[in-house]
Amino acid sequence: MIVFVALSVIAYRGIGAEFIWPGIPWLTQSGSLWFGSISLAVELLFIRRMLNASALMPKFDVILKYLIGLNLLIALILLWTFSIAKYVVISFAMSSAFVLVVLLAGVFNKQRNAYFLLAGFSLLAIGIIINLLHVFALIPTSFYTINATQIGSGVELLVFTLLLSDRYQVILFEKQRSELELAAEKIARHEIELLKQTYFEQHFALDKAAIFAETDTIGVITFVNEHFCRISGYSQTELIGSTHSLLKSDIHPLEFYDKLWKTIRSGIVWCDEICNKHKNGTLYCVSEVIVPIVDEGAIYPKKYITILFDITDRKVAEQRQFELTRQMNHMQKIESLSRLTSGIAHDFNNMLAAIVIYNELNRFFTNDCPDEKLKEKLLFNAQQVDIVSDRAKNLIKKMM
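These numbers were taken from a predicted model, which means no experiment stands behind them.

1. Quick look at the pairing of strand E5 (residues 303-310)
Bridging between strand E1 (residues 211-215) and E5 involves five bridges; their strand directions are antiparallel. Looking at E5, one finds that Ala 213 is bridged to Thr 306. By the bridge criterion, eight bridges tie strand E4 (residues 283-293) to E5 in an arrangement that is antiparallel. Counterpart to Ile 290 in the pairing with E5 is Thr 306.

2. Thoughts on the pattern of salt bridges
Applying the stated rule across the entire model yields 15 salt bridges. Here Glu 214 and Lys 303 are joined by a salt bridge, their closest N and O atoms 3.6 Å apart. Of the two residues, Glu 214 is situated in strand E1 and Lys 303 in strand E5; the sequence distance between them amounts to 89 residues. On the basis of relative accessibility, which here comes to 26%, the residue Lys 303 falls in the partly exposed class.

3. Looking at the packing of helix H6 (residues 85-108) against helix H7 (residues 112-135)
Each pair of packed helices gets described by two things: the angle between the helix axes and the distance between those axes. Where H6 meets H7, the closest approach of the two axes is 9 Å, and the angle between their N-to-C directions is 155°. Considering the angle they form, H6 stands roughly antiparallel to H7. By crossing handedness, the relation of H6 to H7 is classed as left-handed. Facing H6, whose interface residues are Val 89, Ile 90, Phe 92, Ala 93, Ser 96, Val 99, Leu 100, Leu 103, Leu 104, Gly 106 and Val 107, H7 presents Ala 114, Tyr 115, Leu 117, Leu 118, Phe 121, Ser 122, Ala 125, Ile 128 and Leu 132. Of the residues assigned to the contact of H6 with H7, the class counts are 17 nonpolar, three polar and no charged.

4. A few points about the environment of Asn 225
As for its position among the elements, Asn 225 is in the loop between strand E2 (221-224) and helix H10 (226-232). Separated by 10 residues in sequence, Asn 225 and Ser 235 place their C-alpha atoms 10.0 Å apart. Looking at Asn 225, its side chain comes within polar contact range of the main-chain nitrogen of Phe 212, at 3.1 Å.

5. Considerations on the sheet that holds E1
Strand order in the open sheet formed by five strands is E2-E1-E5-E4-E3, and the pairing between neighbours is antiparallel. Looking at which strands have only one partner, the edges of the open sheet turn out to be E2 and strand E3 (270-277). Going across the sheet, the axis of each strand differs from the next one's by a mean of 30°, ignoring polarity. Across three bridges, E1 lies against E2 in antiparallel orientation. Each bridged residue has a counterpart across the sheet, and for Glu 214 the counterpart in E2 is Phe 223. Helix H12 (residues 254-265) contacts E3, E4 and E5 of the sheet and is inclined by roughly 140° relative to E3. The strands that helix H13 (residues 312-365) touches are E3, E4 and E5; relative to E4, the one it contacts most, it runs at about 130°.

6. Looking at the state of the cysteines
Counted by the stated rule, this structure contains zero disulfides. Left without a disulfide partner, Cys 275 is nearest to the cysteine sulfur of Cys 285, which lies 4.3 Å away. Looking at Cys 275, the relative accessible area reads 10%, which means it is buried.

7. Structural notes on the environment of Asn 362
Its location among the elements puts Asn 362 in helix H13. Residue classification places Asn 362 among the partly exposed residues on the basis of a relative accessible area of 49%. In this structure the C-alpha to C-alpha distance between Asn 362 and Leu 7, which are 355 residues apart in sequence, comes to 169 Å.

8. As for unusual backbone geometry
The phi dihedral of Lys 110 is positive, around 60°, even though this residue is not glycine. Classification of Lys 110 as exposed rests on a relative accessible area of 68%. Here the phi dihedral of Asp 250 falls at roughly 60°; this positive angle occurs in a residue that is not glycine. Among the secondary structure elements, Asp 250 is positioned in the loop between helix H11 (236-239) and H12. Note on Asp 250: relative accessible area 62%, which makes it exposed.

9. Some details on a nonpolar patch on the surface
On the surface, a cluster of nonpolar side chains totalling about 750 Å² of accessible area is made up of Ile 24, Trp 26, Leu 70, Leu 73, Leu 76, Ile 77, Leu 79 and Trp 80. For the nonpolar patch, the leading source of residues is helix H5 (residues 58-78), giving four residues. Inspection of the secondary structure puts Trp 80 in the loop between H5 and H6. Residue classification places Trp 80 among the exposed residues on the basis of a relative accessible area of 72%.

10. Considering the packing of aromatic side chains
Within the structure shown, the criterion is met by nine aromatic pairs. With centroids separated by 6.4 Å and ring planes inclined at 40°, the aromatic side chains of Phe 4 and Phe 35 adopt a geometry described as tilted. Taken together, the positions of Phe 4 in helix H1 (residues 2-13) and Phe 35 in helix H3 (residues 25-51) put the pair 31 residues apart, joining distant regions of the chain. Looking at Phe 4, the relative accessible area reads 26%, which means it is partly exposed. Geometrically, the ring pair formed by Phe 256 and Tyr 257 is edge-to-face, given 5.4 Å between the ring centres and 90° between the ring planes.

So, how was this worked out
- Residues numbered from 1 in each chain as written.
- Predicted model: local features only at pLDDT ≥ 70, side-chain atom pairs only at ≥ 80, totals over all residues.
- Heavy atoms only, no water.
- Pairing = 2+ DSSP bridges.
- Helix = DSSP H or I, 4+ residues; strand = E, 2+ residues; numbered from the N terminus.
- Salt bridge = Lys/Arg side-chain N within 4 Å of Asp/Glu carboxyl O.
- Buried < 20%, exposed > 50% of the residue type's maximum accessible area, 1.4 Å probe, protein only.
- Axes fitted to C-alpha atoms, helices over the stretch in contact; angles between N-to-C directions.
- Parallel < 35°, antiparallel > 145°, perpendicular 65-115°, else oblique.
- Left-handed = near helix turned anticlockwise from the far one by under 90°.
- Contact = heavy atoms within 4.5 Å.
- Nonpolar A, V, L, I, M, F, W, Y, C, P; charged D, E, K, R; others polar.
- Polar contact = N/O pair within 3.5 Å; in protein donor to acceptor, adjacent residues only side chain to side chain.
- Disulfide = S-S within 2.5 Å.
- Patch = residues over 30% accessible without salt bridge, like charges linked within 9 Å, V, L, I, M, F, W, Y side chains within 5 Å.
- Areas by Shrake-Rupley, 256 points an atom, 1.4 Å probe, with all protein chains shown as cover.
- Phe/Tyr/Trp six-rings, centres within 6.5 Å; stacked < 30°, edge-to-face > 60°.

Read these as spatial facts, not as claims about activity.
In structure tokens form, the structure reads like this:
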């Protein structure tokens, strides 16, 4: 654009015919218009690109394309004839007026480049209009009327220089901002990858160590891990869409479950041990934690996460330990009773032996008794003592 504007000024001032192309008469005659039409076409292309007219102003962009083509067509026609010179100036004026409309639309849309373009092109348009009025003898001849287009072009190029400088600063700022955003994006992506890795590791550890399930607000299962399927005997297809009542063992009363639901619906974590039923009917015990997930600012949970740990083996071991303890206590009681019985039997045998011995002495002394009736009674009494003594001996044997 700068080159063709400079050539049009050189041709208009006669410098080209005198020093650059003295042997080309048609260029001497129509050089200013020929170079001017090309420079205007290139300038329209420059404005179209700077305003991004194809995306932001598609209707105006179509007309800009036609004007670019028209000015290039005029340049071609001027190669054959100079008779359209007055019409070329009119075309310049029409193109300039339309470009002003486009630039005003860009300013209305608050496009930064449009402000510079409007300031620069307005001066050129004013110069073209003054030159057009001078061609049709509507204003007097003066230095400014003769050189209005050249002066407008020079000032326009100066404003466009400021535009390009500003555009460079904007591009540099956007580049720096893009680099910062890219660096921030890389950091964020790295953090996301770390979070993903951490989530994967935690999920892997949780899946291996715990039984995990998610349920909605009414208790319908939405997700279970493989460990949950293994311990319950049900597949994911069977579990997802059903409720935890599928696993009820009927061991716990209804009040147990009522308390559970009352706790988690209020947003409080519930922890306890529970006995469930396997698909094959066997029972297993788990330590269960139900965590209500409540969004910030919400009142009621949006879902529940259940984490369970299999404690069946521990419960079996505890039951076995209880039985062994009970048996040991029983054996200790028997041992204590045995010791008590042995002590009683020993002392009782000693006393019983004395009774038997003294009873035999009484029977021996009855032989010297002269009274037969008394003797008979004493022997009868001695016999009764023997009978009771035998019973005592048998009782001690049973106790032992």
